[in-house]
Number of protein chains: 2
Amino acid sequence: MVKVNPHYAEVSENYMFLDVVKRARAFTEKNPGVKILKLAIGNTTEPLVPSVVAAMHASVDKLAARESYTGYGDEQGNTDLRQAVATWYGARGVTLDASEVFISDGAKPDCANIVSIFSDESIVAIQDPVYPVYRDANTIGGRRIVYMAATEANGFVPALPSEHADIIFLCSPNNPTGAVMTREQLQAFVDYALANKSVIIFDAAYSEYIRDANIPRSIYEIPRAVECAIEIQSFSKAAGFTGVRLGWTIVPQALATEDAAAGALNKYWHRRQSTMFNGASNIAQEGGLAALSPQGQKETHEQVDYYMENARVIREGLTKAGFTVFGGESAPYIWLKCPAGLSSWQFFDQILEKAHVVTTPGSGFGGNGEGYMRVSAFGHREDIEEAVRSIAANLKAV
Amino acid sequence: MVKVNPHYAEVSENYMFLDVVKRARAFTEKNPGVKILKLAIGNTTEPLVPSVVAAMHASVDKLAARESYTGYGDEQGNTDLRQAVATWYGARGVTLDASEVFISDGAKPDCANIVSIFSDESIVAIQDPVYPVYRDANTIGGRRIVYMAATEANGFVPALPSEHADIIFLCSPNNPTGAVMTREQLQAFVDYALANKSVIIFDAAYSEYIRDANIPRSIYEIPRAVECAIEIQSFSKAAGFTGVRLGWTIVPQALATEDAAAGALNKYWHRRQSTMFNGASNIAQEGGLAALSPQGQKETHEQVDYYMENARVIREGLTKAGFTVFGGESAPYIWLKCPAGLSSWQFFDQILEKAHVVTTPGSGFGGNGEGYMRVSAFGHREDIEEAVRSIAANLKAV
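Residues numbered from 1 in each chain as written. Chains lettered and ligands numbered in written order. Predicted model: local features only at pLDDT ≥ 70, side-chain atom pairs only at ≥ 80, totals over all residues.

So, about the overall build of chain A. For chain A, the helix and strand inventory stands at twelve helices and 13 strands. A compact globule built from 398 residues should have a C-alpha radius of gyration of about 21 Å, and chain A, at 21 Å, falls within 12% of that. Each principal axis of the C-alpha atoms in chain A carries an extent, and together these give about 55 × 55 × 55 Å. Counting only residues that meet the buried cut, chain A has 57% of its 398 residues in that class. (Helix = DSSP H or I, 4+ residues; strand = E, 2+ residues; numbered from the N terminus. Rg over C-alpha atoms; globule rule 2.2 N^0.38 Å. Buried ≥ 20, exposed ≤ 12 C-beta atoms within 10 Å, placed from the backbone.)

Let us look at helix α10 (residues 294–320) of chain B. Since one α-helical turn is 3.6 residues long, residues separated by three or four positions face the same way. Residues and elements named next belong to chain B. In this model α10 runs 38 Å from its N-terminal to its C-terminal C-alpha over 27 residues, within 8% of the 39 Å that 1.5 Å per residue would give. For α10, every residue scored as buried is listed here: Gly 296, Thr 300, Val 304, Tyr 307, Met 308, Asn 310, Ala 311, Val 313, Ile 314, Arg 315 and Leu 318. Where α10 ends, the next residue or the one after it, Gly 322, has phi of about 100°, a positive value. (Expected span 1.5 Å × (residues − 1).)

It is worth spelling out the pairing of strand β3 (residues 123–128) of chain A at this point. Residues and elements named next belong to chain A. Here six bridges tie β3 to strand β4 (residues 144–149), and the two strands are oriented parallel to one another. Counterpart to Gln 127 in the pairing with β4 is Met 148. Pairing geometry for β3 and strand β5 (residues 167–171), over three bridges, is parallel. The partner of Ile 126 across the bridge, within β5, is Phe 169. (Pairing = 2+ DSSP bridges.)

With that settled, the discussion passes to the sheet that holds strand β12 (residues 360–361) of chain B. Residues and elements named next belong to chain B. A sheet is described by the order of its strands in space; here four strands give the open sequence β9-β10-β13-β12, paired in antiparallel fashion. Each end of this open sheet is capped by a strand with a single partner; those strands are β9 (325–327) and β12. Bridging between strand β10 (residues 333–337) and strand β13 (residues 372–376) involves five bridges; their strand directions are antiparallel. Residue pairing across strands places Ile 334 opposite Val 375, the latter belonging to β13. Across the sheet, α10 touches β9, β10 and β13, and the angle it forms with β10 is around 15°. (Contact = placed C-beta atoms within 7 Å. Axes fitted to C-alpha atoms, helices over the stretch in contact; angles between N-to-C directions.)

On to the confidence of the model for chain A, then. In the predicted model, chain A carries a mean pLDDT of 96, and the fraction of residues at 70 or more is 100%. Two summary scores accompany this predicted model of the complex, namely pTM at 0.97 and ipTM at 0.97. (pLDDT = per-residue confidence, 0-100.)

With that settled, consider the sheet that holds strand β9 (residues 325–327) of chain A. Hydrogen bonds along the backbone pair up the strands of a sheet, which may run parallel or antiparallel. All names here are of chain A. Across the sheet, four strands lie side by side as β9-β10-β13-β12; this open sheet has antiparallel pairing. Of all the strands in the sheet, just β9 and β12 (360–361) have a single pairing partner and so form its edges. Packed on one face of the sheet, helix α10 (residues 294–320) meets β9, β10 (333–337) and β13 (372–376) and runs near 15° to β10.

So, about the relation of the copies chain B and chain A. Of the transformation placing chain B onto chain A, the axial shift is 0.0 Å and the rotation is 180°, giving an RMSD of 0.0 Å. What the rotation and shift describe, once combined, is the action of a two-fold rotation axis. For chain B, the minimum C-alpha distance to the rotation axis belongs to B:His57 and amounts to 3.1 Å. Here 100% of the interface residues in chain B have copies in chain A that are interface residues too; the copies meet face to matching face. (Least-squares fit on C-alpha atoms with pLDDT ≥ 70 in both.)

Attention now goes to the environment of B:Thr87. Residue and element names in this part refer to chain B. As for its placement among the helices and strands, Thr 87 is situated in helix α3 (residues 79–90). On the basis of neighbour counts, which here come to 12 C-beta atoms within 10 Å, the residue Thr 87 falls in the exposed class. Placed 179 residues apart in sequence, Thr 87 and Asn 266 show a C-alpha to C-alpha distance of 19 Å.

To continue, consider the domain arrangement of chain A. Accessible area lost on assembly of the parts is the figure often given for the size of an interface. Residues and elements named next belong to chain A. Each assigned domain of chain A is listed with its residue range as follows: domain 1 (6–48 + 296–394) and domain 2 (50–292). The distance between the C-alpha centroids of domain 1 and domain 2 comes to 25 Å. On the domain 2 side, the residues contacting the 37 residues of domain 1 number 42 residues. Contributing elements (two or more residues each) for the side of domain 1 that touches domain 2: α10, β9 and β10. With seven residues, the single largest contributor to the side of domain 1 that touches domain 2 is α10. Classifying every residue of the side of domain 1 that touches domain 2 gives 14 nonpolar, 18 polar and five charged. (Domains from an automatic or database assignment. Nonpolar A, V, L, I, M, F, W, Y, C, P; charged D, E, K, R; others polar.)

As a further point, take the interface of chain B and chain A. Between chain B and chain A, the contact holds 74 residues from the first and 74 residues from the second. If you list the elements that add at least two residues to the side of chain B that touches chain A, you get α2 (50–64), α4 (107–113), α5 (132–140), α8 (264–276) and α9 (282–291) of chain B. Partitioned by chemical class, the residues of the side of chain B that touches chain A number 36 nonpolar, 23 polar and 15 charged.

Below, the discussion takes up helix α6 (residues 183–196) of chain B. All names here are of chain B. With 14 residues, α6 extends 20 Å from end C-alpha to end C-alpha; this agrees with the ideal 20 Å at 1.5 Å per step. What α6 keeps buried is the set Gln 185, Leu 186, Phe 189, Val 190 and Ala 193. One side of α6 carries all its buried residues, which in axial view fall inside an arc of 140°. In this structure, α6 carries Arg 183, Glu 184 and Ala 195 as exposed residues pointing more than 90 degrees from its buried face. Buried residues along α6 sit in contact with β5 (167–171), β6 (199–203) and β7 (229–234). With its phi angle positive at about 55°, Lys 197 sits one or two positions after the end of α6. (Arc of directions from axis to C-beta.)

This part covers the pairing of β5(A). If a strand is regular, its side chains alternate between the two faces of the sheet. Residue and element names in this part refer to chain A. With five of its five residues buried, β5 lies for the most part within the structure. Residues Ile 167, Phe 169 and Cys 171 point to one face of β5 and Ile 168 and Leu 170 to the other, with burial holding for every one of them. With helix α6 (residues 183–196) bridging β5 and the parallel strand β6 (residues 199–203), this β-α-β connection has right-handed handedness. (Right-handed = clockwise from strand over helix to strand, strands pointing away.)

Glancing now at the environment of B:Asp212. Structurally, the position occupied by B:Asp212 is in the loop between β6 and β7. For the pair formed by B:Asp212 and B:Asn282, sequence separation is 70 residues and the distance between their alpha carbons is 34 Å.

Looking along the chain, the bond that leaves A:Asp128 and enters A:Pro129 is cis, with omega of 5°. Phi is positive for B:Lys197, which is not a glycine, with a value near 55°. With respect to the element layout, B:Lys197 can be found in the loop between α6 and β6.

Turning to the environment of B:Val398, a few remarks are in order. Residues and elements named next belong to chain B. In this structure, Val 398 sits in the segment after α12 (381–394). Given 8 C-beta atoms within a 10 Å radius, Val 398 is considered exposed. When the C-alpha atoms of Val 398 and Cys 338 are compared, they prove to be 8.3 Å apart, with 60 residues separating the residues in sequence. Excluding residues within four positions of it along the chain, Val 398 makes contact with Gly 322, Pro 339 and Ala 340.

This is the structure in structure tokens:
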């Protein structure tokens, strides 16, 4: 008699963002014709850049001809793309070998699946609030979770785990708070991991949004991090690949645990991916290679600048209207404090009903997110401006 | 102190096909200039069909323009594609709702991950020999496996599990033997599953290769299978999407277990996918929609016919040369018996060294595959013909 995985009962029925979408849909059904502005899900809105578009058309044409058609690629990704990623790190002073790069179909699946190379008994430390995938995936996997509180008091950068943790998820620039970790703060986590034989899973999906040259864009900028950290990256926010699906994960050859020598974890992830994954779409990979070219980098950086100007518009507009906001300076998210006495979902409803703007309730990211809203800078400029005007005009800041 | 997943030590270091590739590469390095013909991995070789190519170009153009650009899609797939899959089943007499269709990035990840909605204590029944993903993924997941022997004596269609199984993986048309299960044989498994409260995972990735109108192409052609079976499908072999990555999984609303009412497992898989997956590539999905259109079906069926003519060339050529072969009549795989006294890997080396043809050792698919080779019908016709001639001319059948 087959039984179900009992841990599904421990997570909410829906992935949090689905609840946001559902509530927005319900409002639209009740108020047909009312234009809704979406600053909720971190969903890119600007078109793919020209060099990526050209590479993808060329990739489709290759697949259309008998002489150039290719079938399965290597599960770990195309050799040229893996090399391009290693080179990309080289340009920021981080030396990695192409064998340490695993191309993925985006950061989310890898954030959820990477833990499977470790023991089920591992204790997992997760920031609160944070991207809900770490929490939900580890809950479904039946792992014990220790939360690290990120609050206004600590500038939304948590202290080290208060009890022993085997696996530590860090997200910087942070989703949802927009907080970034300094070199010293990251160093403290690396020191902890080395001392406690723990592994850090560093989600760097928003690294291209860092504007402060002193903030590390890769965990590997910290000495000895290759011995204790896995880094997960994404083309989603850096190149508009949210729907195209492409990312990568670095499992350094130097990464080791007490029971696995250097190299073993790289092999395990290789085995995991070649058994349970079949490579990212070849068209996406050709597009990703173009995004990492000098011209592609120029074009995508301009797009990131566009979203960061949106972030400035939101940050300054809401501040001027009297709201208290955090983040948005090296991240595409603004962390908006709810007016006193309002819960995240209460304020969500107010913003939706009065300003016709969809945001994301901070409480969906963890208990410490209660009383905050995540406002996303992904959107067309005119929509961002209209949304900020509408919030300022229709809602009380206090 | 973090520990690794101990079950990685229970699988071979490499996914089996990688060993085949490595041995072929070593031969090429020792014998530069010698042309190697590949009938090994089931890798499509013919170009994407015109209607798919047109749809993919259109999809890239959509992503290149501000007005038509889209970011994240629904994790479970585009609504129109889910509906098209339901309609596709309707055309073969199977009634499914679009909510039961989950678009994936191919059959392999779903075959590996679907078990995660069930208890870790589940006992899993797997055919021997069979596609190694079921075995490897469940071994890495720490599940107990019961093997169902597929041998010459039972026509390579196994009997019911000899001891209780909670989850039963079936693959028909079978990879690697090319055997297909009759309606009566499938009915017996459905009866077993209903009586024992088990769930069948039916891998139908090769259904388009079935030439015998009496052989079910979907498990749901068997009455009450919706109550006990999940079906996994792929665009890889039906439309040449091996590198493009697209498939689907059906989790019927009627599927229930003792501890989960009808609908719950559909919700769990939805939760799993929205937490640990982020949708198949939008370009692949637009291509898949075109492949399911009337014109796309016509074009892809012609391509499948091409590969099936390859299968006939292999089957008849090897038979004429005195070899004993099975399969290849409703499947793109021919199951070739090794000459007496030779193991699969010994014969693999002989075929490679004497005929310069790469095949896949049957032993890689399970203990009962020892003494057989899988010969793939995916290839250009002229290569297939040359490979068959070369094997016939250079190897002894007895």
